[in-house]
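Here are the chains, one letter per residue:
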Amino acid sequence: MEDGNFFTILRRRMVTEQILARGVRDPRLLEVLKEIPRHLFVPPERVEEAYEDRPLPIGHGQTISQPYIVARMTELLAPRPGDRILEIGTGSGYQAAVLARLASEVFSLEIIPELAETAVERLRRLGLTNVRILLADGYRGLPEEAPFDGIIVTAAPLETPKALLDQLKVGGRLVIPVGHLEQELHVHTRTDKGWDRRRAGAVRFVPLRRMPPR
Ligand code: SAH
């Protein structure tokens, strides 16, 4: 994935100045963030902004998250080699690409077909064959493939869907922004008795949308 140029330099700087500087320390994660060509996950007219410290529009009223937020949420999710991970909200596919390099199997759900198709194509070109992108409603999760070692939600519901909590393995983690306008990141860990919850700071995401029942 080396592009041996300008973008490699921007990417290293992004990791040092936006991510390492804010306290994300996991060496495997930092290495992956230095490698994934984020500029290939934004619309062509946004390529030069791809490594800036903010979210960017990706069309259909959706955004690719700020690099630091991707790093922070991934650190909280703590994927390990061998893990099976579920992502809700494929968007550009960037977060899925990061997860693909850290875990063994990634499922990512999206409701906008055009975004899902573009993301599939990007991941294919990068040779990331361990991600499956599915058109499906995130509120329901993916019970057919459950349980998961980790679930990450990259759009915000008003409250944590119970279906997602139920699809965690014991010891598995659900990282999810919750709330309307003002949102908070929650990390739920499944225990043998139930779920532990901790709060991990304020965030801003697009809403997790309700799909009309079919
Ligand atoms: N993780 C993405 C950013 C996602 S933006 C990235 O790395 O680029 C949030 C995404 O969630 C949008 O693409 C939106 O279409 C999708 N989304 C919204 N509601 C959803 C739902 N109910 N189920 C699945 N995906 C949903």
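Residues numbered from 1 in each chain as written. Predicted model: local features only at pLDDT ≥ 70, side-chain atom pairs only at ≥ 80, totals over all residues. Heavy atoms only, no water.

Draft legend 1. Fine view of the side chain of Glu87. One can find Glu87 in strand 3 (residues 84-88). No salt bridge is formed by the buried Glu87, whose closest oppositely charged neighbour, Arg38, lies at an N-O distance of 11 Å. A polar atom in the side chain of Glu87 sits 2.7 Å from the side chain of Ser108. (Helix = DSSP H or I, 4+ residues; strand = E, 2+ residues; numbered from the N terminus. Buried < 20%, exposed > 50% of the residue type's maximum accessible area, 1.4 Å probe, protein only. Lys, Arg positive; Asp, Glu negative; His and termini not counted. Salt bridge = Lys/Arg side-chain N within 4 Å of Asp/Glu carboxyl O. Polar contact = N/O pair within 3.5 Å; in protein donor to acceptor, adjacent residues only side chain to side chain.)

Draft legend 2. How the structure looks around the pattern of salt bridges. Counting across every chain of the model gives 16 salt bridges. Arg125 serves as the salt-bridge partner of Glu121, at 3.2 Å between the closest nitrogen and oxygen. Of this pair, Glu121 and Arg125 both sit in helix 5 (residues 113-125), separated by 4 residues, roughly a single helical turn. The exposure class of Arg125 is exposed, given its relative accessible area of 68%. Across the salt bridge formed by Arg140 and Glu144, the nearest N and O atoms sit 3.3 Å from each other. Glu144 sits in the exposed class, given a relative accessible area of 54%.

Draft legend 3. Highlighting the site of the ligand. In the neighbourhood of the ligand, 25 residues make up the surrounding shell, with Glu87, Ser92, Glu110, Gly138 and Arg209 lying closest. Here a nitrogen atom of the ligand sits 2.9 Å away from a polar atom, N or O, in the side chain of Glu87. Protein chains bury 100% of the 580 Å² of accessible surface belonging to the ligand in isolation. Counting residues per element, the ones that place at least two in the shell around the ligand are strand 2 (62-64), helix 4 (94-102) and strand 4 (105-110). Residues of the shell around the ligand, tallied by class, amount to 11 nonpolar, 10 polar and 4 charged. (Near = heavy atom within 4 Å. Areas by Shrake-Rupley, 256 points an atom, 1.4 Å probe, with all protein chains shown as cover. Nonpolar A, V, L, I, M, F, W, Y, C, P; charged D, E, K, R; others polar.)

Draft legend 4. Layout of the environment of Glu182. As for its position among the elements, Glu182 is in the loop between strand 7 (168-178) and strand 8 (183-190). A relative accessible area of 71% places Glu182 in the exposed class. Measuring from C-alpha to C-alpha, the distance between Glu182 and Phe107 comes to 28 Å, with 75 residues separating the pair along the chain.

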